Amino acid sequence: MRKTIKKKYEKKNGNLYRNIIQLVAVGSVTGVFAGAIVTLFNVLAVKGEEFSHGVYAFVKTNPALIPLLLLALLLGGFMLGVAGEISSLVRGCGIPQAEGATRGIVRMKWWKDTTAAFAACLLSIFMGLSIGSEGPSVLIGAGVGDGVASSLKRNEMIKRYQITGGACTGLAVASGAPLTGMVFAFEEAHKRFTPEVFICAFSSVVFGMLTRSLIYQLLGMQVQSAFHSYVFHELPLSSYSYVVLAGVVCGLLGVAFYKACFGMRRLFKKIKFKNRRYSHTVRIMVAVLLGGVISFLATTAMGGGHHLIESLGTKGGTATPTVESLLSFSLAFTLLFILLLKFFITTVNVGSGIPCGIFIPMIAIGACIGGILNTAFCNLGMDKAYCDLMIMICMAAFFTTIVKAPLTAIIMICEFTGSFAPLLPVIIAVSIGYTIGEVSRTDGIYEELLEVYERENGIHERANKEVFVLPLAYGATADKREVRDVLWPSGVRITEIKRGEELILPDGDTVLHGGDVLTIVCRTEAPQKVKDELVHILD
């Protein structure tokens, strides 16, 4: 009896150690490759923004070239439409598709999807559209993680963990915020904390950031902090009323942005042709033309918004924002105009399905809201020393209302600022924005976009119901784990557990034990693949 118990214990520990070593080793490889490719993508994206700024400035001084610019935009829009036909994953902002891949809902063809995302999103940036590089970086990182796991012939469970590691490495490298990338894995990708998710996120992000630093060093470039024009001071309790008001304003505008995105999606759906491919391509071309016109009107609205956010900093109230004035407007009216343009074109990008990133554009919109509120708050008596802090508060609150990821927003702001001074005010504003989103019954925008992607690509329509009855071996991956903590294949539900003579109807808190017999219901189009994955988890 003692020998039997000892063998079961040794098998359990052996499987645990092997899994940990495998996750760390493969995660490190994923981090290196994802870090290298995403760094290259972001270096080229910066060059693309500089190039497009120069092109639009040149065309402004030579109006006769406007027809040529419009022709180039139409041609670029057509090419983006073709890219969307090659890989459906590049249609949209990247993060929802990456989240779907981490959950096993979306199946990637890593070499095709990664290449298409890299090329299509760079083309969008070189055309001067109002998009960011963070969303595409997450998708590219996810594709690299899939590629590493596939090349090393890892099983489906390890592959999904590597997709997670690659995705959060993509976000960490693109934003320069490693903790934000790791929290993204728990809060957004898997919506739970497990040791495996932590290990794959940690190992991938650490090696991805090290690779990024090495590449920057080899290129003679300096890794800089997110924003240099911001200096933060501790906000006194007497000024917390401004934080509450900012949270309410950002929450309401965040709900409006969310609804506008899906309203714009319904509007673009009205562009229909008999051939579905033509419909998608024409929608993209319309969106590209609108984006080009807005970039021509206000180059400040171009790109993701890093330069816009940087230009709003006041160095702790000792300087004035350096944002370029439009049409001789005052700062407040200039920011209002940019806010309207950025708000409109970002919803157009989401609605049309153009390859884009909306992560930084959403944060830039929040920064514009903060800049406008600063003008009002200073007139009401707020000290200018807190203007920079208020912009960060608005960025976090607006982002949280839309994405429903409060921890990601809070940690992101702390990493961007390199300070804990904004922590309590940010938590308050984020809580207000999140509550307004909940009261308004809005889901996280990435969750909703993932559901849209599933419907449009008929992912669930092709699935059939399958039932498996499988035993759980002692020392298996799922042994002694709660049901919710096991990375099951997509669509799997444990409907019944037989434990000796006892019959258990499980929930997420039910702990599995070796010797259990599980009845598993699943909707899938690949039953044998799901069964193989289940056997690996349970054996």
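In short, a report on the structure. What you are looking at is a predicted structure, and each value in this text was computed from that prediction instead of being measured.

Time to look at the pairing of strand E4 (residues 517-524). E4 sits mainly inside the fold: six of its eight residues count as buried. The sheet contact formed by strand E1 (residues 464-471) and E4 spans eight bridges and is antiparallel. Looking at the pairing, Phe468 lines up with Ile520 of E4. Looking at chain direction, strand E2 (residues 492-499) and E4 are connected through six bridges and run antiparallel. What sits directly across from Ile494, in E4, is Ile520.

So, about the packing of helix H3 (residues 95-102) against helix H7 (residues 178-190). Look at H3 against H7: their axes get within 9 Å of each other, and the N-to-C directions meet at 85°. The angle between H3 and H7 places the two elements in the roughly perpendicular class. Residue-level inspection shows Ile95, Glu99 and Thr102 of H3 in contact with H7, the latter providing Phe184, Glu188, Ala189 and His190. The residue makeup of the contact of H3 with H7, split by class, is three nonpolar, two polar and two charged.

What follows concerns the nonpolar core. Grouped together as the largest cluster of nonpolar side chains are 162 residues, with contacts concentrated most on Met395, Ile445 and Trp488. The element that contributes the greatest number of residues to this core is helix H14 (residues 387-403), accounting for 14 residues.

Once that is clear, we can look at the environment of His233. As for its position among the elements, His233 is in the loop between helix H8 (195-218) and helix H9 (240-268). Owing to a relative accessible area of 34%, His233 belongs among the partly exposed residues under this scheme. Taking C-alpha positions, His233 is 7.2 Å from Gly316, a pair spaced 83 residues apart along the chain. Once residues within four sequence positions are removed from consideration, His233 is found in contact with Gly316, Ala385, Tyr386 and Leu389.

Further remarks concern the state of the cysteines. For the coordinates displayed, the defined rule picks out zero disulfides. In this model Cys200 remains outside any disulfide bridge; the closest cysteine sulfur is found in Cys168, 6.2 Å from its own. For Cys200, a relative accessible area of 0% puts it in the buried group. In this model Cys394 remains outside any disulfide bridge; the closest cysteine sulfur is found in Cys250, 3.7 Å from its own.

What counts as what
- Residues numbered from 1 in each chain as written.
- Predicted model: local features only at pLDDT ≥ 70, side-chain atom pairs only at ≥ 80, totals over all residues.
- Heavy atoms only, no water.
- Buried < 20%, exposed > 50% of the residue type's maximum accessible area, 1.4 Å probe, protein only.
- Helix = DSSP H or I, 4+ residues; strand = E, 2+ residues; numbered from the N terminus.
- Pairing = 2+ DSSP bridges.
- Axes fitted to C-alpha atoms, helices over the stretch in contact; angles between N-to-C directions.
- Parallel < 35°, antiparallel > 145°, perpendicular 65-115°, else oblique.
- Contact = heavy atoms within 4.5 Å.
- Nonpolar A, V, L, I, M, F, W, Y, C, P; charged D, E, K, R; others polar.
- Core = buried A, V, L, I, M, F, W, Y, C linked by side-chain atoms within 4.5 Å.
- Disulfide = S-S within 2.5 Å.

It is worth stressing that arrangement in space is one thing and function is another; only the former is reported here.
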